[in-house]
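# Survey of secondary and tertiary structure
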Amino acid sequence: MNKIKMKTPLVEMDGDEMTRILWGMIKEELLKPFIDLKTEYYDLGLEHRNETEDKVTIEAAEAIKKYGVGVKCATITPNAARVKEYNLKEMWKSPNGTIRAILDGTVFRAPIIVKSIKPYVKGWEKPITIARHAYGDVYKDIEMKIPGKGKVELVYTDENGNETKELVHNFNEAGIVLGMHNLNKSIESFARSCFNYALDTKQDLWFATKDTISKKYDHTFKDIFQEIYDNEYKEKFEEANIEYFYTLIDDAVARVIKSKGGYIWACKNYDGDVMSDMIATVFGSLAMMTSVLVSPEGYYEYEAAHGTVQRHYYRYLEGKETSTNSVATIFAWTGALRKRGELDKLEDLVEFANKLEEATIQTIDEGYMTKDLAMISDFDNITVTNSEEFIKEIRKRLEKKM
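Summarised in this report is the structure supplied together with it. Every residue gets a number counted from 1 within its own chain, in the order that chain's sequence is written. Residues qualify for local features only when their pLDDT is at least 70, as the model is predicted, and side-chain atom pairs are given and counted only at 80 or more; totals for whole chains, interfaces and linings, by contrast, use all residues. Water and hydrogen atoms play no part in the side-chain values, which are based on all heavy atoms of the structure.

The helix and strand inventory of the protein stands at 14 helices and 16 strands. A radius of gyration in this sense is built from C-alpha atoms; the matching globule rule multiplies 2.2 Å by the number of residues raised to 0.38. In summary, the protein has a C-alpha radius of gyration of 22 Å against a globular reference of 21 Å for 402 residues, a match within 12%. C-alpha extents for the protein along the principal axes are approximately 70 × 55 × 45 Å. Taken across its 402 residues, the protein has 53% of its residues classed as buried. What counts as a helix is a DSSP run of H or I of at least four residues, what counts as a strand is a run of E of at least two, and both are numbered from the N terminus. Exposure is judged per residue with a 1.4 Å probe applied to protein chains only, and the accessible area is read against the type maximum: over 50% gives exposed, under 20% gives buried, and values in between give partly exposed.

A few words now on the environment of Lys 355. Checked against the element boundaries, Lys 355 lands in helix H12 (residues 347–365). Once the C-alpha coordinates of Lys 355 and Lys 401 are considered, the two residues, 46 residues apart in sequence, prove to be 6.7 Å apart. Discounting residues that sit within four places of it in the chain, Lys 355 has contacts with Leu 398, Lys 401 and Met 402. In this analysis, two residues are considered to be in contact whenever any of their non-hydrogen atoms come within 4.5 Å of each other.

Okay, the pattern of salt bridges next. We define a salt bridge as a side-chain nitrogen of Lys or Arg found within 4 Å of a carboxyl oxygen belonging to Asp or Glu. Counted under the stated rule, the structure contains 29 salt bridges. A salt bridge links Arg 49 to Asp 16, with the nearest nitrogen and oxygen atoms 3.0 Å apart. Taken as a pair, Arg 49 in helix H2 (residues 46–51) and Asp 16 in the loop between strand S1 (10–14) and helix H1 (17–31) lie far apart in primary sequence, 33 residues in all. A single burial state applies to Arg 49 and to Asp 16, both of which are buried.

There is about 810 Å³ of room inside the largest pocket. Here a cavity is any set of points on a 1 Å grid over the protein atoms alone where a 1.4 Å probe fits but cannot get out, and a pocket is any open set with protein on both sides within 12 Å along at least 5 of 7 lines; a residue lines the site when it has an atom within 4 Å of a point. Lining the largest pocket are 31 residues, with Phe 108, Tyr 197, Thr 201, Val 292 and Tyr 302 sitting closest to its centre. Those elements that provide at least two residues to the lining of the largest pocket are strand S4 (106–111), helix H6 (184–201), strand S13 (289–294), strand S14 (300–304) and helix H11 (327–344). The nonpolar class holds Ala, Val, Leu, Ile, Met, Phe, Trp, Tyr, Cys and Pro. Asp, Glu, Lys and Arg form the charged class, and all remaining residues, Gly among them, are polar. Partitioned by chemical class, the residues of the lining of the largest pocket number 13 nonpolar, ten polar and eight charged. Grid points are joined across faces, edges and corners, and a volume is the space filled by probe spheres set on the points.

Across the sheet, ten strands lie side by side as S2-S1-S3-S14-S13-S4-S5-S12-S10-S11; this open sheet has mixed pairing. On the outer flanks of this sheet lie strand S2 (39–43) and strand S11 (244–248), each paired with one strand and no other. Here the average twist between neighbouring strands, direction ignored, is 20°. Strand direction decides the pairing type here: S1 and S2, joined by five bridges, are parallel. Paired strands, in this sense, are two strands between which DSSP finds at least two bridges. To obtain an axis, a line is fitted to C-alpha atoms, over the contacting stretch when the element is a helix, and the angle between two such axes runs from 0 to 180 degrees between their N-to-C directions.

Describing an aromatic ring pair means giving the distance of the ring centres and the angle of the ring planes. Ring geometry is summarised as follows: Phe, Tyr and Trp rings, the Trp one being its six-membered ring, pair when their centres sit within 6.5 Å, and such pairs are stacked at plane angles under 30 degrees, edge-to-face over 60 and tilted between the two. If you walk through the whole model with that rule in mind, you get 22 aromatic pairs. On the numbers, 6.5 Å between centres and 15° between planes, the contact of Tyr 300 with Tyr 302 is stacked. Among the residues examined, Tyr 300 registers a relative accessible area of 18% and is labelled buried. On the basis of relative accessibility, which here comes to 11%, the residue Tyr 302 falls in the buried class.

Packing of H6 against helix H7 (residues 217–240) leaves a shortest axis separation of 9 Å and a crossing angle of 25°. As summarised for this structure, H6 and H7 are arranged roughly parallel, according to the angle between their axes. When the axes of H6 and H7 are compared, the crossing they make is right-handed. Residues Asn 184, Ile 187, Glu 188, Phe 190, Ala 191, Arg 192, Cys 194, Phe 195, Asn 196, Ala 198 and Leu 199 of H6 pack against Thr 220, Phe 221, Ile 224, Phe 225, Ile 228, Tyr 229, Glu 232, Tyr 233, Lys 236, Phe 237 and Ala 240 of H7. Considering only residue class, the contact of H6 with H7 consists of 15 nonpolar, three polar and four charged. Orientation categories follow fixed angle ranges, with anything under 35 degrees roughly parallel, anything over 145 roughly antiparallel, 65 to 115 roughly perpendicular, and all other angles oblique. Left-handed describes a crossing in which the near helix is turned anticlockwise from the far one by less than a right angle; the clockwise case is right-handed.

Let's shift gears to unusual backbone geometry. Even without being glycine, Asp 54 reaches a positive phi, approximately 70°. Here Asp 54 shows up in the loop between H2 and helix H3 (55–67). A positive phi angle, close to 60°, is found at Asp 137, a residue other than glycine.

Counting buried positions over the five residues of strand S12 (residues 263–267) gives five, a clear majority of the element. The two faces of S12 match: Tyr 263, Trp 265 and Cys 267 on one face and Ile 264 and Ala 266 on the other face are all buried. As defined by bridge partners, strand S5 (residues 129–133) adjoins S12 across four bridges and the pair is classed as parallel. Within the sheet, the bridge partner assigned to Ala 131 lies in S12 and is Ala 266. Summarising the sheet, strand S10 (residues 204–209) and S12 pair through four bridges and their orientation is parallel. Residue pairing in the sheet places Asp 204 in a bridge with Tyr 263 of S12.

Turning next to the nonpolar core. We call a set of buried Ala, Val, Leu, Ile, Met, Phe, Trp, Tyr and Cys residues a nonpolar core when their side-chain atoms join them within 4.5 Å. Formed by 68 residues in total, the largest nonpolar core has its most connected members in Phe 195, Leu 205, Phe 237, Tyr 244, Leu 337 and Phe 352. The contacts of Phe 195, once residues within four sequence positions are left out, are Leu 205, Phe 225, Ile 228, Tyr 229, Tyr 233, Phe 237 and Tyr 244. Counting 20 residues, the second largest nonpolar core, distinct from the first, contains Val 121, Ile 130, Cys 267 and Met 289.

Attention now goes to the side chain of Asn 269. On the secondary structure map, Asn 269 appears in helix H9 (residues 269–283). With a relative accessible area of 3%, Asn 269 lands in the buried category. Excluding its chain neighbours within four sequence positions, the residues that come into contact with Asn 269 are Arg 132, His 133, Ala 134, Tyr 135, Gly 136, Asp 137 and Tyr 139.

Rendered as structure tokens:
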């Protein structure tokens, strides 16, 4: 069989721990036998980020701007324990946060549906796509520990040196404080990305903040969305027979639980982080969630929506068997390959991505699955596979499709 040719490289960003191990397995078993894989490789493993003082993360983001499409493995965002474990020079920021800040845009996350696993919320009949704003808020915050009595103020100094101050709090004891920011331009890009994605997929769009409490920060999000919708998208939505709906975030949560699904739920950065994990869990597993960052300039970055599976990695290092779900990582590759094929007009590459996804779902629906899926599946006849066996079962079915 002749391998499928690629014109333009993907930006490949390797990662950490068990997902790094799966990354290698996927390439060797599911990609390289069928594709003349062309990538520009960046090692975003924590040790290499530390060696380069995190410059490699910035280089990877710039490469996505150059080539248009990237695929990323899960990476460690270090805490104090990780700093000690890896002997880091400093507590490096989230690679995802850095890349998203450089590319801007919106992260769209949707569950991967299989017949053998029913949602925990029985009324959910269709997927719910989370549209997560990918800039600012707590992911670019500045924090301070307040040691004792004193005053904290928010100060804006304009280019002429004029100051505007707001009192944050008069501290009578020790405490903490943080400052967050966002940009109108980024919020506008977020809004347009959501409206365009809703039109492309013919789905209703929900958006929710807490503007009744955050009367300037959150309210600005609400106002920008409404203004862009009224001026640019209202007629298009009416023609497509879809709805834009705004409500408070707590009301949205209640409505989502009672809904049947089948819409896009736009969330601010932190809300989207939390709610996408909830959606993934309800539909089955955190490893059954697609994630793609779409920038206003047309850059795409595909990744798994979960972490590095630290516990399994430590088992792997001890030589013990693991049963780690690789589906979301496989779908990160298929999403990137499909988009690369669409942009380069390579129909055989697009078709390969489709067949690999079909083979993955078929493997699960025929009863071959990792332990996390076996624990929640409705099937009676299940074969629990280890990490490598699961990928090899997918390859068997992919070879038949090819």
